[in-house]
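Take a look at the letters that make up each chain.
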Amino acid sequence: IDSKSYHIAEYIDHFLKLITVIQPSYIKDSFHFLDKIKQVKIDNRNFFLVTCDVESMYTNINNTDGLKTVEFLFIRHPDAKRPDKHILDLLNISLNNNDFLFNGSFWLQKSSTAMGKTFALSYANLFMAKIEEDFFSKIGYHPPFYSRFLDDIFLIWTESYKKLLSFIDLFNTFHRSIKLTHCISQTEIDFLDICIYTQPFGDSFNLGSRVHFKPTNTHRLLHKHSFHPKHTFAGIIKGQLTRYFRLCSDVTDFHKAASILFRELRNTKYSIHILYDIKAKLLKDLKNGYQPVTKFNQGLTLLPLVYTHHESSYYVCRSLIDILKNLNTEA
């Protein structure tokens, strides 16, 4: 952080990100994915829910292929304010000059992005978007629904199972950098932090969603005896419950997810009464069209104070508050 290459990577990412977000398969986050899929209705009873994972995507992108992809997309999406040549030169330098020290020896990374590069996500996203476009153009078919979050793909397949396996095999052999692992189901499937499941709706099917907890999720949030302001604990719980509520299409699934969280939080000294009070208040707020009220949207002007955490921070804040109180009194 704060090295010359760090700021160069930030500069490159600023321009790559603008093109990334307009790609057809792009997913920003779980909520964006649900917005895209919640209107989907499946009329064909012979359908499959499919998730694919691109194996080691960041470490398998050939530098020459990646640079050609970015150059192609710059030409397709021109911007008079974007210095294309200089960005490509900087990207070339950033990809081909990742030297590092390991076990007493210096090494040079010959291919793919270095871990932690700011532009790595946008760069990989654009690379995959171009491969997807070329692949679908070649086979002359596009699934009814296809979206991707970085290296995680979700699609709905309405052809035969045999054709689905052929589709995945073709994708696996289309480009030397891309290899997929896949999961197929006709009832429910996990994608990101969501479980997508089918719901019969007359002669068709709708898709429902609920929270998916990965096996590694221990629900270890802030310990109740941690030295934090009291409102922080309630805010964290409220944030988690709000996320569960937005991810669950059925309120029953929301209650189940909340119960799982509460059971684990009891082990970190949270009162069950306080937990259920927060939940009840949140549900009431959501029912009434909850919208957070802050001092910003109340028309007040605030001056943010951002500083490095230190043991003396509390006393600095108290001193500033006292000074401001005295100023208000004098005024």
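Note: the structure precedes this text.
Remember, predicted model here, so these are calculated numbers, not experimental data. (Residues numbered from 1 in each chain as written. Predicted model: local features only at pLDDT ≥ 70, side-chain atom pairs only at ≥ 80, totals over all residues. Heavy atoms only, no water.)

## Quick notes on the pairing of strand 4 (residues 105-109)
Rules: Pairs of strands are assigned from DSSP output, requiring at least two bridges between the strands. Helix and strand definitions here come from DSSP, where helices need a minimum of 4 consecutive H or I residues and strands a minimum of 2 consecutive E residues; each element is numbered from the N-terminal end.
Across five bridges, strand 3 (residues 98-102) lies against strand 4 in antiparallel orientation. Within strand 4, the position partnered with F100 by the bridge is W107. The loop that links strand 3 with its antiparallel partner strand 4 comprises two residues; one of these, N103, has a positive phi angle of about 55 degrees.

## Here we look at the pattern of salt bridges
Quick reminder of the rule: The working definition used for a salt bridge is a side-chain nitrogen of Lys or Arg within 4 Å of a carboxyl oxygen of Asp or Glu. Note on exposure labels: buried denotes an accessible area under 20% of the residue type's maximum, exposed denotes more than 50%, and partly exposed covers the range between, all computed with a 1.4 Å probe on protein chains only.
Overall, the coordinates contain 13 salt bridges when judged by the stated rule. A salt bridge links D84 to R82; its shortest N-O distance comes to 2.6 Å. Taking relative accessible area as the criterion, D84 reaches 23% and is therefore assigned partly exposed.

## Some thoughts on helix 8 (residues 230-247)
What counts, and what does not: How far a helix is expected to stretch is found by multiplying one less than its residue total by 1.5 Å. Of all possible arcs, the one meant is that of the directions from the helix axis to the C-beta atoms. Only heavy atoms enter the contact rule, under which two residues are in contact if any of them lie within 4.5 Å.
Between its first and last C-alpha atoms helix 8 spans 27 Å; for 18 residues at 1.5 Å apiece the expected length is 26 Å, and the two agree. Restricting attention to buried positions, one finds in helix 8 the residues F233, I237, L241, Y244 and L247. The buried side chains of helix 8 occupy one side of the element, clustering within an arc of 130 degrees when seen end-on. Exposed residues lying more than 90 degrees from the buried face of helix 8 are H231 and R246. For helix 8, the elements touching its buried residues are helix 2 (30-37), strand 9 (194-201), strand 10 (204-211), helix 9 (251-265) and helix 10 (272-287).

## So, helix 7 (residues 161-174)
The end-to-end C-alpha separation of helix 7 is 20 Å, in line with the 20 Å expected for 14 residues at 1.5 Å each. If you check which residues of helix 7 are buried, you get L164, F167, I168, F171 and N172. Looking straight down helix 7, one finds its buried side chains confined to an arc of 135 degrees; they lie on one side. Structural note: helix 7 exposes K162 and T173 on the side pointing more than 90 degrees away from its buried face. For helix 7, the elements touching its buried residues are strand 2 (48-54), helix 6 (120-139), strand 5 (145-149), strand 6 (152-157) and strand 7 (180-185).

## Overview of the packing of aromatic side chains
To keep it simple, the criterion reads: Stacked, tilted and edge-to-face are the three classes applied to pairs of Phe, Tyr and Trp rings, where Trp contributes its six-membered ring and a pair requires centres within 6.5 Å; stacked means planes under 30 degrees apart, edge-to-face means over 60, and tilted covers the rest. Two conditions define a charge located above a ring, namely a distance within 6 Å from the ring centre to NZ of Lys or CZ of Arg, and an angle within 35 degrees of the ring normal.
Evaluated as defined, the whole model comprises 21 aromatic pairs. Geometrically, the ring pair formed by F135 and F171 is stacked, given 4.4 Å between the ring centres and 20 degrees between the ring planes. Separated by 36 residues along the polypeptide, F135 in helix 6 and F171 in helix 7 bring together distant segments of the chain. Ring centres 6.0 Å apart and planes at 75 degrees place the aromatic pair F145 and F154 in the edge-to-face group. The same class applies to F145 as to F154, namely buried. Cluster of aromatic residues (ring-pair linked, three or more members): F135, F136, Y141, Y146, W157, F167, F171 and F174. Over the face of the ring belonging to F72 we find K130, whose NZ or CZ atom lies 4.4 Å from the ring centre. Positioned above the aromatic ring of F31 is the side chain of R246, whose terminal nitrogen or guanidinium carbon lies 3.7 Å from the ring centre.

## So, the side chain of S122
In this structure, S122 sits in helix 6. Since its relative accessible area comes to 5%, S122 is described here as buried. When near neighbours in sequence (up to four residues on either side) are disregarded, S122 contacts D13, L16, K17 and T20.

## Considering the sheet that holds strand 2
Test applied: Lines fitted to C-alpha atoms define the axes here, with helix axes fitted over just the stretch in contact, and angles between the N-to-C directions of these axes take values from 0 to 180 degrees.
One open sheet holds the four strands; their spatial order is 5-6-2-7, and the pairing between them is antiparallel. Each edge of the sheet is formed by a strand with only one pairing partner; in this case those strands are strand 5 and strand 7. Going across the sheet, the axis of each strand differs from the next one's by a mean of 15 degrees, ignoring polarity. Bridge count for strand 2 against strand 7 is six bridges, and the pairing is antiparallel. What sits directly across from V50, in strand 7, is I184. Packing against the sheet, helix 7 makes contact with strand 2, strand 5, strand 6 and strand 7, and its axis sits at approximately 165 degrees to strand 7.

Function-wise, these values are silent; they only describe arrangement.
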